[in-house]
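Letter by letter, the chains look like this.
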Amino acid sequence: MKDVLPRRARPVDRPGGMGDPGTPGKFGAYGGRFVPESLVPACAELEEAFRDAWSDPGFQSSLATLLALHVGRPTPLTPAWRLSAELGVNLLLKREDLAHTGSHKINNVLGQALLARRMGRTRLIAETGAGQHGVATATAAGLLGLRATVFMGERDIERQALNVFRMRILGAEVVPVHSGSRTLKDATSEAMRHWVSSLEDSHYCVGSVVGPYPYPWIVREFQRVIGDEARGQCATALDSGSPDYVVACVGGGSNAAGTFAGFVNTSAKFVGVEAEGGAGASAGRVGVLHGFRSLFLQDDDGQITEAHSIAAGLDYPGVGPEHAYLRDLGRARYVTVTDAEVVDATLRLARTEGIVPALESAHAVAWVIRAAESGELPADANVMLTLSGRGDKDIATLLTSSLA
């Protein structure tokens, strides 16, 4: 499929990345809008509506009020004292697990839900893997008087039964997806197909920095609140004013993109941590999926291959286009950890800090542990890690792991 954005337009200057990609919707060689002609007007309308809303103080004020009163922002920056002492580094945790609904997903969803209502839409469509984006979508729909339809892979429904029940309590329709690997990739495909048939009354609330332009940019901007808050908190907590390393887990990559955006003009080194079996940025090749060009796991014939992760939210075969661009720039480094390291990291954080992280977030913790113990992280390094979600949703998975 050809990129349907106008070729004559050029991206604006983005020193260090993470600015406004401009009308082409490109981050270097990545991004764009590879969609059927029927979706071109919808994407263009969304871009125009977002630009108008994002420059409107009234919209910004409404969103800030909801984030404060409903979500509980700002979330704290918590020193991991005991684990830091064991590792010989200074680890600070940005506590998105303490946000309402239990993860960072609510930041983006409330922004998109407000935008959808401003555009006259009455229903939200969403895809979800770990279920946290689905819960956030159902929550925002209930709060703002919208309907919600959430597509979720059959396999993810089985391993995230708690979140499925939460979505249904909140009034959302949960649609099982039986095709393909029955995980996040297939849920995304079904959600996009459904969006085509319901453009007049529905807004597709994309959950990560993926999809056709303007979604990667919109989602990053709604998640930028994480990095902006963390940068201000680090300025107070650290003598240096800024951490040496900023670390976050990466599937599609929204929590990492939002976190990195707050530190992009600092000297902090960015580390995105992927699942070993779902490493788009670390092991992917250039391709097109779900309306955008980026790095995807592929076979020798260019077919998208199945991703694997113990964390349902990282079970995606690619990475957001801006992450691919940051990798090419050398501004961010992307690494992988194994499922076993993730389980060990979950237990270690729980037993040293009294915090049970989401398995997605535990990927970032696992890399910090490995890097500190191997000497890859310098002694006394200041490390800021976004703890993107809490782990109560993953208890069933942990019960069937080596922890049982």
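Residues numbered from 1 in each chain as written. Predicted model: local features only at pLDDT ≥ 70, side-chain atom pairs only at ≥ 80, totals over all residues. Heavy atoms only, no water.

Chemist: How would you summarise empty space enclosed by the protein if you had to cite specific residues and measurements?
Modeler: Across all of its chains, the model carries 3 cavities of 30 Å³ or more by this definition. Looking at the largest cavity, its volume works out to about 380 Å³. Taken together, 32 residues form the lining of the largest cavity, with His104, Lys105, Gly207, Ser208 and Gly313 sitting closest to its centre. Mapped by element, the contributors of at least two residues to the lining of the largest cavity are strand 5 (123-128), helix 5 (132-144), helix 8 (184-196) and helix 10 (254-263). Tallied by class, residues from the lining of the largest cavity come to 10 nonpolar, 18 polar and 4 charged. Forming the walls of the second largest cavity are Ala42, Glu45, Leu46, Met119, Arg121, Trp195, Leu199, Ser202, His203 and Tyr215. Tallying contributions element by element places helix 1 (residues 40-54) first for the lining of the second largest cavity, with 3 residues. Split into classes, the residues belonging to the lining of the second largest cavity amount to 6 nonpolar, 2 polar and 2 charged. (1 Å grid on protein atoms, 1.4 Å probe; cavity = no way out; pocket = protein on both sides within 12 Å on 5 of 7 lines; lining within 4 Å. Points joined across faces, edges and corners; volume = space filled by probe spheres on them. Helix = DSSP H or I, 4+ residues; strand = E, 2+ residues; numbered from the N terminus. Nonpolar A, V, L, I, M, F, W, Y, C, P; charged D, E, K, R; others polar.)

Chemist: Summarise the packing of aromatic side chains; cite the residues concerned and give the values.
Modeler: Applying the stated criterion across every chain, the model contains 10 aromatic pairs. Each ring, one from Trp54 and one from Phe222, has its centre 5.2 Å from the other, and the planes form 90°; the classification is edge-to-face. Of this pair, Trp54 sits in helix 1 while Phe222 sits in helix 9 (residues 215-237); the two residues are 168 residues apart in sequence, bridging distant segments of the chain. For Trp54, a relative accessible area of 23% puts it in the partly exposed group. The buried category is assigned to Phe222, whose relative accessible area is 2%. Taken together, a centroid distance of 5.6 Å and an interplanar angle of 55° make the contact between Trp195 and Tyr204 tilted. Judged by its relative accessible area of 4%, Trp195 falls in the buried class. Judged by its relative accessible area of 2%, Tyr204 is buried. (Phe/Tyr/Trp six-rings, centres within 6.5 Å; stacked < 30°, edge-to-face > 60°. Buried < 20%, exposed > 50% of the residue type's maximum accessible area, 1.4 Å probe, protein only.)

Chemist: Give a description of helix 1 that names residues and reports values.
Modeler: Taking 1.5 Å of rise per residue, 15 residues should cover 21 Å, and helix 1 covers 21 Å from first to last C-alpha, within 8% of that figure. Of all the residues in helix 1, the buried ones are Val40, Ala42, Cys43, Leu46, Glu47, Ala49, Phe50 and Ala53. In the core, the buried residues of helix 1 are packed alongside helix 2 (57-71), helix 4 (105-118), helix 8, strand 8 (202-204) and helix 9. (Expected span 1.5 Å × (residues − 1). Contact = heavy atoms within 4.5 Å.)

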